[in-house]
Structures are given as C-alpha cells and as structure tokens.
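Each chain, written out:
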Amino acid sequence: MSAISPPTNRLWWKQPLDRVEGTWIVIAFVWCMVMFFMMPYWHVYGKQNLANEAYRTTPEAFTAKTTAMIDKFKVREETALKIPVVHPPAGSDVYLIARLWQWYPMLELEEGKTYRLHLASMDWLHGFSLQPENINIEVHPNYEHVVTLTPTRAGTYGIICNEYCGINHATMASRLYVVKSK
Ligand code: CUA
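Draft legend 1. A look at the layout of surface pockets. A volume near 250 Å³ is recorded for the largest pocket. There is about 190 Å³ of room inside the second largest pocket. Lining the second largest pocket are T79, L81, I83, L100, W101, Q102, W103, M106, T171, A173, S174 and R175. Of all the elements in the fold, those that place two or more residues in the lining of the second largest pocket are strand 5 (102-104) and strand 12 (173-179). With three residues, the top contributor of residues to the lining of the second largest pocket is strand 12. Taken together, the residues that form the lining of the second largest pocket break down as seven nonpolar, four polar and one charged.

Draft legend 2. The arrangement of the environment of G112 in detail. Structurally, G112 is set in the loop between strand 6 (106-110) and strand 7 (115-121). Overall, G112 belongs to the exposed group, its relative accessible area being 52%. Linking G112 and A3, residues 109 residues apart in sequence, is a C-alpha distance of 63 Å. Excluding anything up to four places from it in sequence, G112 contacts T150 and P151.

Draft legend 3. Region of the structure containing helix 2 (residues 59-73). With 15 residues, helix 2 extends 21 Å between its outermost C-alpha atoms, agreeing within 8% with the 21 Å of an ideal straight helix rising 1.5 Å per residue. The complete set of buried residues in helix 2 reads F62, T66, M69 and I70. For helix 2, the arc enclosing every buried residue in end-on projection is 100°, short of the 170-degree limit, so these residues lie on one face. Away from its buried face by more than 90 degrees, helix 2 exposes E60, D71 and K72.

What counts and what doesn't
Just so you know, the residues in each chain are numbered from 1, in the order the chain's sequence is written. pLDDT decides what is reported in this predicted model: residues at 70 or higher carry local features, side-chain atom pairs at 80 or more are listed and counted, and totals for whole chains, interfaces and linings draw on all residues regardless. Hydrogens and water molecules were not included; the side-chain quantities draw on all heavy atoms of the structure. The pocket and cavity definitions rest on a 1 Å grid over protein atoms only: a 1.4 Å probe that fits but cannot leave marks a cavity, an open set with protein on both sides within 12 Å along at least five of seven lines marks a pocket, and residues lining either have an atom within 4 Å of a point. Grid points are joined across faces, edges and corners, and a volume is the space filled by probe spheres set on the points. Under the scheme used here, helices are H or I runs from DSSP no shorter than 4 residues and strands are E runs no shorter than 2 residues, and both carry numbers assigned from the N terminus. Put simply, Ala, Val, Leu, Ile, Met, Phe, Trp, Tyr, Cys and Pro go in the nonpolar bin, Asp, Glu, Lys and Arg in the charged bin, and everything else, Gly too, in the polar bin. Here's how the labels work: a residue is buried when its accessible area is under 20% of the maximum for its type, exposed when over 50%, partly exposed in between, all with a 1.4 Å probe on protein chains only. Throughout, a residue-residue contact means that at least one pair of heavy atoms, one from each residue, lies within 4.5 Å. Each helix should span, by expectation, one fewer than its residue count multiplied by 1.5 Å. The arc in question is formed by the directions pointing from the helix axis toward the C-beta atoms.

By themselves, these observations are geometric and do not establish any function.
Laid out in structure tokens, this is it:
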C-alpha cells in the first residue's frame, strides 16, 4: 500500500493495531486529558481571563445606565473627540460602551478598590483587551458582560479592541486611568 495506490487488503481497518500506532493513540489521549483539565485549572489559578458574568441587555438600556454614570461623575474631557472621563465612586458599578470604533467613556478608577465593570457592544462583536495586564473579554451585542476587578497599581492602561470589527478596528483604542485613592 502507498499513499497513491489503494490498499491491497480492502479490509484494512480490521487488521490488528500496530504497537507503535497504539502507543501514539495512548499518548494523544493522555495529552488530550491533560489539556482538558488545564482549562478549569487555569481558570482558577491563571491570571489572564477572569470569571465574568453575562446578562441580556439592549443598546438602549445599557446606554441609559452609562449616560447616567457620565452625567453624575464626569471630571473632564479628553482627545479631539471630547470623550468624557468619569471618576465614579470607589467600589461602584462602572459602564463601558464598545461601538464602531470607540470605547466610551474613559474610566478613572482608584487603586486597591474593587469595581464591577460592565461591558456591552452597541453594534457587533468587539474585544476588550486591557494592556499591559492582558485581560481579555469578548464583548457581544445584546449582552452585558460584568467582570469584578481590583486595580492593584496606579497608572495609565491601554484598552484596545482585539476582535476585528471593520475598517477602523485598528483605531479602536482608549485609556483606563488608575489613580491613588484619596
Ligand atoms: Cu472593535 Cu475591533
């Protein structure tokens, strides 16, 4: 038998398993099991992808909550687009809109305080990626993703979109400020 001629024995699947073949099947199966159990292990002990919750929402409902937060806690505006920067109370629920091709608004959080970060898309799939921490969350339309996070170090962090979302995907970047708590 070769790769181009058909097997001489047409019942090739009934031949006994070769030792080498059997060994490789066992190795592959064991490795599959290792990879499988690494998923829950890494979810608990890894630092990259946090446990998050998701709830149904609509763009209108999510925009209303975000706007209410901006109206109350806006501290300044940044960039030529006048993106509001909000400094919500420590420990509160904070909202971030993903849309073509913008993160809205900019959040200013306090070091060492725990927040509930709500994310939702207004149009289609975007990817929230916080750098350099490398926290990544897919942001789907009609879902409100909630992640509980505690910034541990003051500084300016970058938010980029890591799901291709159209012509200006590469410009969909923003900042997240973490300041020392007063
Ligand atoms: Cu939003 Cu890519």
